[in-house]
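# Inside the fold
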Amino acid sequence: MRPWKSRSRSEMQTFETRTRPLQGAQLAQLLLGGILCLTIASHTQTSAEAAGGKGSGSGAGAGAGGGAGTGTASSSAASTAISSDESGDPSSATAFSSLAQVSSLLPEASALSATSGLKEPYLDGYATSNVTTQIGTHAYLPCRVKQLGNKSVSWIRLRDGHILTVDRAVFIADQRFLAIKQPDKYWTLQIKYVQARDAGSYECQVSTEPKVSARVQLQVVVPRTEILGEPDRYVKAGSNVVLRCIVRGALEPPTFIMWYHGAEQLAADSRRHRTQLDPNLPEASGEGQSTIGSLIIESAKKRDTGNYTCSPSNSPSATVTLNIINGESSASAVTSSAATTRAYALSILALLLSVIIIGVGHRT
């Protein structure tokens, strides 16, 4: 067996590679690598000292025996050092035995290092957050988990303790709920077509012991829709009619407002009907903006009588009743109303006169 110093660089690199199955900066590997280097240095120093000691002994013998004896002793010391190395020098055997033990411990150290390097999952963000959405839209509740590893993420609805999702699996019959895994470590709960009853607290949980959790408070905005004016309208035939539908309190203006006459949808621009949308109008109270959708009926006719409904894209509907009366009916209604008013006034006056006369009679 060749001395360690005489080994080539490629052989040393091969040996070091075999004793290092994993190439990482783990602490245990660095410690064992240091032990390996110290063992090699110790073996090298021991071999050098042994060779130097034997050479000194031979030199002393040569001094006593003359110059020829010196050459013979040196040759004998060199051959003795080589033969002792090849025949199993105790220090060499001990060194290589230590190397073998260190090599056998490296895989275990790598596994130990990998195990000790595992970190517990944690949530990135606030323990409680708020999400505001509008009825009819989609809501997205975020939960950012780092270092999840082999743990699971669950979403719980706190009002009834219902488990909604575990990872991507859904555990509720309502198909509006869905768990979405996004590339940036977000486990997002999606609620489609949000309803007013969806408002409340939701909790994101990680299956650690103890559990790691964060809450999201969902607020659902329900805009108000109304048609300006009285709920029952009376309009003279042949006149133009304008119905105005206003949407207040919306997070975003409606993209459209549909109008219906009974169950029939009215075209946006026909020969007799027109619609108009005026978004982002400032409220007089200063509480945000509103949107007005108008229906214009030109030269109203008797057949235009009925219920009219405005249906915004992101808020509830509102309905008004329109009554179209012709000219004669209108005049008759006005005359009848005036006659009734006069008769009522005369009755009140007669009653007052009767009270006065009776009072005067009693005094006399």
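Structure's up top.
These numbers were taken from a predicted model, which means no experiment stands behind them. (Residues numbered from 1 in each chain as written. Predicted model: local features only at pLDDT ≥ 70, side-chain atom pairs only at ≥ 80, totals over all residues. Heavy atoms only, no water.)

## Overview of the sheet that holds strand β12 (residues 224–227)
The condition is simple: Strands are treated as partners if at least two bridges between them are detected by DSSP. Runs of E in the DSSP output that reach at least two residues are strands. Runs of H or I that reach at least four are helices, and both are numbered from the N terminus. In this analysis an axis means a line fitted to C-alpha atoms, helices contributing only their contacting stretch, and an angle means the value between N-to-C directions, from 0 to 180 degrees.
Here four strands make up an open sheet; going across it, the order is β12-β14-β18-β17 and the pairing antiparallel. Two strands bound the open sheet, and with one partner strand each, they are β12 and β17 (273–282). Across the sheet, the mean angle separating the axes of adjacent strands is 15° when strand polarity is ignored. The pairing of β12 with strand β14 (residues 241–248) spans four bridges and is classified as antiparallel. Among the inter-strand pairings, Ile227 is bridged to a residue of β14, identified as Cys245.

## Re the pattern of salt bridges
As a reminder of what qualifies: Throughout this description, the term salt bridge denotes a Lys or Arg side-chain nitrogen within 4 Å of a carboxyl oxygen of Asp or Glu. Accessibility here uses a 1.4 Å probe with only protein chains present; expressed as a share of the type maximum, an area under 20% marks a residue as buried, one over 50% as exposed, and anything in between as partly exposed.
In total, this model carries eight salt bridges according to the counting rule given. In this structure, the salt-bridge partner of Glu203 is Lys211, at a minimum N-O distance of 3.4 Å. You can call Lys211 partly exposed: its relative accessible area is 48%. Between Glu298 and Arg274 there is a salt bridge, and its shortest N-O distance comes to 3.4 Å. With Glu298 in the loop between β18 (289–297) and β19 (306–312) and Arg274 in strand β17, this residue pair connects regions lying 24 residues apart in the sequence. For Glu298, a relative accessible area of 32% corresponds to the partly exposed category. Relative accessible area serves as the criterion here: at 34%, Arg274 is assigned to the partly exposed category. What you see here is one network of salt bridges that share partners, running through Asp174, Arg176 and Asp198.

## As for the state of the cysteines
Defined as follows: In plain terms, two cysteine sulfur atoms within 2.5 Å form what is called a disulfide here.
For the coordinates displayed, the defined rule picks out two disulfides. The disulfide partner of Cys143 is Cys204, and the S-S distance across this bridge is 1.9 Å. Between Cys143 and Cys204, the S-S torsion sits near -65°, and that sign places the bridge as left-handed. Here Cys143, found in the loop between β3 (139–141) and β4 (145–146), pairs with Cys204, found in strand β10 (residues 200–206); they are 61 residues apart in sequence, far enough to count as distant.

## Notes on the side chain of Asp304
Test applied: Throughout this description, a polar contact denotes any pair of N or O atoms lying within 3.5 Å of each other; where both atoms belong to protein, one of them has to be capable of donating a hydrogen while the other can accept it, and for residues adjacent in sequence the pair is counted only when both atoms sit in side chains. Pairs of residues are marked as contacts when any of their non-hydrogen atoms sit within 4.5 Å.
Looking at the secondary structure, you find Asp304 in the loop between β18 and β19. Asp304 gets classed as buried once you look at its relative accessible area, which sits at 3%. In terms of polar contacts, Asp304 uses its side chain to reach the side chain of Arg272, at 2.4 Å. The contacts of Asp304, once residues within four sequence positions are left out, are His261, Arg272, His273, Ile297, Ser299, Leu322 and Ile324.

## Let's talk about the sheet that holds strand β5 (residues 153–157)
Strand order in the open sheet made by the six strands is β2-β11-β10-β5-β6-β7, with mixed pairing throughout. In this open sheet, the two edge strands, each paired with only one partner strand, are β2 (128–134) and β7 (169–170). Both strand β6 (residues 162–166) and β7 contribute to a ladder of two bridges, which runs antiparallel. Following the sheet pairing, Val166 is matched in β7 by Ala169.

## Structural notes on unusual backbone geometry
Here Glu209 and Pro210 are connected by a cis peptide whose omega angle stands at 0°. Checked against the element boundaries, Pro210 lands in the loop between β10 and β11 (212–221). The phi angle at Asp167 is positive, at roughly 55°, despite the residue not being glycine. Tracing the backbone through its elements, the reader meets Asp167 in the loop between β6 and β7. Backbone geometry at Tyr193 places phi at a positive 50°, although glycine is not the residue there. Assignment of secondary structure puts Tyr193 in the loop between β9 (187–191) and β10. Residue classification places Tyr193 among the exposed positions, given a relative accessible area of 54%.

## Comments concerning the nonpolar core
Within soluble globular proteins, side chains that are nonpolar tend to cluster in buried spots. The condition that has to hold: Take the buried residues of types Ala, Val, Leu, Ile, Met, Phe, Trp, Tyr and Cys, join any two whose side-chain atoms come within 4.5 Å, and each joined set is a nonpolar core.
Of all hydrophobic cores here, the largest spans 23 residues; its most connected members are Leu141, Val145, Trp155, Leu189, Ile191, Tyr202 and Leu218. Of all the secondary structure elements, the ones that give two or more residues to this core are β3, β5, β9, β10 and β11. It is β11 that provides the largest number of residues to this core, a total of four residues. In contact with Leu189, other than residues within four places in its own chain, are Ala139, Tyr140, Leu141, Trp155, Leu164, Thr165, Phe177, Leu178 and Tyr202. Residues Val241, Ala300, Val320 and Ile324 belong to the second largest nonpolar core, which totals 18 residues.

In short, the description is geometric, and any link to function would need to be established separately.
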